[in-house]
Amino acid sequence: MFMKPNLIAENIPMATPASPGGMMSRNDGIGSIGGSRGLGGFALTDGETRKLIDLIYQHSGIVLTPDKKSLISSRLHKRLKALEFCSFRDYLDYLQNGRDSDAELVAMVDEITTNKTSFFREHHHFDYLRSTILPQIATSEWAVLNIWSAGCSTGEEPYTLAMVLAEYFGTTRNFTIHATDLSTQALQTARQAVYDNELGAPIPLGLRQKYTLTGRGSQAGRFRIVPELRERVSFSQVNLIERNWDVAGDLNIIFCRNVMIYFDKPTRRGIVNGFTRKLKVGGHLFIGHSETLGDIDHQFAQVKPTVYTRQP
Ligand SMILES: C[S@@+](CC[C@H](N)C(=O)[O-])C[C@H]1O[C@@H](n2cnc3c(N)ncnc32)[C@H](O)[C@@H]1O
C-alpha cells in the first residue's frame, strides 16, 4: 500500500553525506589537491605514501601512484584528526596493527575514493533497458528478475533501476535488486533512501510524483523513496576484489558502472570473470561511460558501447 504522499516521518535519522564535502562535491577521478603537508599540516614522507598506496591497493584494488601524495595527505587528514593521531607514522601503525584496523581501512578508502553518483546517471542505459532488454524479459519464462548493482554508492543507481522496473512491469513481474558497495557510509545513506531535493532533479516528474515522498517539517528540502520500492532493494557490503561475494547467482543484469575505472587489469579481469559466473547466459552487464572490457579476455559479446551480454 502506498503511504500518504508528501510526508516523511519526522523521526527518520538523517544520514550525513557519504564523504567530506558531500556526495556532489567530488569528481569521478582521483584528482590532485593540496600540498604534501596536507590541509592539516601532517607531514607525509615518500615512504609513508608508498605504504598507504600499498594498503589502499591491497584492501580495495584502487591503484594510486606516488604523484598522488598531496591528495592522500589532504584526504586522510580528517582520519588522523578523528582518531587523534599526531603523525602518519602512528596512523600507519594503527592501520597495520590496530584493533579496529579493518573498519579503519574501509574508512580510509572512503576518504580516497569518490562516491559520485546520481539518479538516471547515463540515462541511455535505462532507455536501452526499457526499449530492448525488458521487452525480451517480459516474454521469457523467468519468474523473478534478479539484478545486482555492484558499487552502488549512496543508492541512486539501484533506486533508479527499481523505478524503471516498477514502471515497466507494474505488478505483473516480481523483481529484486541487490545493491552492494565497499563504503559503510555510502551504504548507510543508501538504506535511508533520503536525498536532498536537488538530487532528485534528473528523475522524470511523473516518476518522482509516483515513487518519492516529499519531506515536511524537519525533513523539508528532502525526499524519500517510497517503501514499495525500498523493499525491492536490499543492500550489503561487498568488496569486489574479494572473491567470496555474498551475492546470489543466476542474475539477469549486473550494473557495475564507474567502479572498475580505479582498478588495474588483473583486478578487472578477476571481477569480470566473477560477473560471468553470477550471470545467466544471455544476461547483461552494464559498465561506466569511460570503462571498457576491450583489454581483457572475457565471455561477453558487446551489444552497445558499455553494454555486454553473457555468451554460453
Ligand atoms: C563513482 S561511484 C559509482 C556509483 C554508481 N555505480 C554510478 O555509476 O553512479 C564508485 C563506487 O565504487 C565503490 N568501490 C570502490 N572500490 C570498491 C571495491 N573494491 N568494492 C566495492 N565497491 C568499491 C566506492 O565506494 C564508490 O561508492
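Above this text you will find the structure in question.
Note that the structure is a prediction, hence the values are computed from the model and not measured. (Residues numbered from 1 in each chain as written. Predicted model: local features only at pLDDT ≥ 70, side-chain atom pairs only at ≥ 80, totals over all residues.)

### Looking at the site of the ligand
As a reminder, the rule being used: Nearness rests on one distance test: the residue's C-beta atom, set from the backbone, must lie within 6 Å of the molecule or strand. We call Asp, Glu, Lys and Arg charged. Ala, Val, Leu, Ile, Met, Phe, Trp, Tyr, Cys and Pro are nonpolar, and the rest, Gly among them, are polar. These domain limits were set by an automatic method or by a database of domain assignments.
Near the ligand lie 25 residues; those nearest to it are Thr 117, Gly 151, Ser 153, Leu 182 and Arg 257. Across the shell around the ligand, the residue classes tally to seven nonpolar, twelve polar and six charged. Counting the residues that make up the shell around the ligand, at least three belong to each of domain 1 (46–112) and domain 2 (123–310).

### Describing unusual backbone geometry
To keep it simple, the criterion reads: For helices the rule is a DSSP run of H or I covering at least 4 residues; for strands it is a run of E covering at least 2, with both sets numbered from the N terminus onward.
One non-glycine residue, Glu 122, lies in the positive phi region at around 50 degrees. With respect to the secondary-structure elements, Glu 122 resides in the loop between α4 (101–112) and α5 (123–138). Look at Ala 193: it is not a glycine, yet its phi comes out positive at around 60 degrees. Tracing the backbone through its elements, the reader meets Ala 193 in the loop between α7 (184–192) and β3 (194–196).

### Section: the sheet that holds strand β4 (residues 212–214)
The strands that make up a sheet pair up through hydrogen bonds in the backbone, lying either parallel or antiparallel. Threshold: Criterion used throughout: strands pair if DSSP finds at least two bridges between them. All axes are obtained by fitting lines to C-alpha atoms, using only the stretch in contact for helices, and the reported angles, taken between N-to-C directions, cover 0 to 180 degrees.
Across the sheet, three strands lie side by side as β3-β5-β4; this open sheet has antiparallel pairing. Each of the sheet's edge strands pairs with one partner strand only, and the pair in question is β3 and β4. The average undirected angle you get between the axes of adjacent strands in this sheet is 30 degrees. With three bridges joining them, β4 and strand β5 (residues 222–225) adopt antiparallel strand pairing.

### Describing the sheet that holds strand β6 (residues 233–237)
Here we have seven strands laid out as an open sheet, ordered β6-β2-β1-β7-β8-β10-β9, and mixed in their pairing. At either margin of the open sheet sits one strand with a lone partner, and together these are β6 and β9 (300–304). The average undirected angle you get between the axes of adjacent strands in this sheet is 20 degrees. Of the strand pairs in this sheet, strand β1 (residues 144–150) and strand β2 (residues 174–181) are connected by seven bridges, and their pairing is parallel.

### Comments concerning the nonpolar core
Nonpolar side chains in soluble globular proteins generally cluster together in the buried interior. As a reminder of what qualifies: Throughout this description, the term nonpolar core refers to a group of buried Ala, Val, Leu, Ile, Met, Phe, Trp, Tyr and Cys residues whose C-beta atoms join them within 7 Å. Using C-beta atoms placed from the backbone, we call a residue buried if 20 or more other C-beta atoms fall within 10 Å of its own, exposed if 12 or fewer do, and partly exposed for counts in between. We call two residues in contact whenever the C-beta atoms placed from their backbones are within 7 Å.
Judged by nonpolar contacts, the single largest core of 63 residues is most densely connected at Ile 147, Ala 162, Leu 229, Ile 254, Cys 256 and Leu 285. When residues are assigned to domains, this core turns out to be shared by domain 1 (46–112) and domain 2 (123–310), each giving three or more. With residues up to four places along the chain from it excluded, the contact list for Ile 254 reads Trp 148, Ala 150, Phe 275, Lys 278, Leu 279 and Leu 285.

### Here we look at helix α1 (residues 46–60)
For an α-helix the count is 3.6 residues per turn, leaving residues at separations of three or four pointing the same way. Note the cut-off: Multiplying 1.5 Å by the residue count of a helix minus one yields the expected span of that helix. Within this analysis, the arc is defined by the directions that extend from the helix axis to the C-beta atoms.
Helix length check: α1, at 15 residues, gives a terminal C-alpha distance of 21 Å against a target of 21 Å (1.5 Å per residue), a fit within 8%. Residues of α1 that are buried include every one of Thr 49, Leu 52, Ile 56 and Ser 60, and no others. The arc that holds every buried residue of α1, seen down its axis, measures 65 degrees, which confines them to one face. Exposed residues pointing more than 90 degrees away from the buried face of α1 are listed as Gly 47, Arg 50, Asp 54 and Gln 58. Residues of α1 that are buried make contact with α2 (69–82), α3 (88–97) and α4. Immediately downstream of α1, the backbone of Gly 61 shows phi near 85 degrees, a positive value.

### Observations regarding α2
The line we're drawing: At every residue, the bend is computed as the angle between two fitted axes, covering the seven residues ending there and the seven beginning there respectively.
Its 14 residues place the ends of α2 20 Å apart at the C-alpha level, agreeing with the 20 Å of an ideal helix rising 1.5 Å per residue. Bending of α2 peaks at approximately 35 degrees at the position of Leu 76. For α2, the set of buried residues is Lys 69, Ile 72, Ser 73, Ser 74, Arg 75, Leu 76 and His 77.

### Observations regarding the pairing of strand β8 (residues 279–287)
Heads up, the rule is: Note on handedness: a crossover is taken as right-handed if, strands pointing away from the viewer, the path from the first strand over the helix to the second is clockwise.
Relative to β8, strand β7 (residues 251–256) runs parallel, the two sharing five bridges. Looking at the pairing, Ile 253 lines up with His 284 of β8. Viewed along the sheet, the connection from β7 through helix α10 (residues 265–278) into β8 turns out right-handed. Note: β8 against strand β10 (residues 307–310), three bridges, orientation antiparallel. Looking at the pairing, Leu 285 lines up with Tyr 308 of β10.

### Thoughts on the packing of α1 against α3
Heads up, the condition is: Angular relationships are summarised with four words: roughly parallel below 35 degrees, roughly antiparallel beyond 145, roughly perpendicular across 65 to 115, and oblique for the angles in between. The handedness criterion is simple: a crossing whose near helix is rotated anticlockwise from the far helix by less than a right angle is left-handed, and one whose near helix is rotated clockwise is right-handed.
Viewed as axis vectors pointing N to C, α1 and α3 meet at an angle of 30 degrees, and their least axial separation amounts to 11 Å. Here α1 lies roughly parallel to α3, going by the angle between them. Every pair of crossing elements has a handedness; the one defined by α1 and α3 is left-handed. From α1, Glu 48, Lys 51, Leu 52 and Leu 55 reach across to α3, where they touch Phe 88, Arg 89, Leu 92 and Leu 95.

### Digging into the environment of Asp 246
Within the secondary structure, Asp 246 is located in the loop between β6 and β7. Between the alpha carbons of Asp 246 and Ser 236 there is a distance of 8.5 Å; along the sequence they are ten residues apart. Among all residues touching Asp 246, those that are not within four sequence positions of it are Ser 236 and Val 238.

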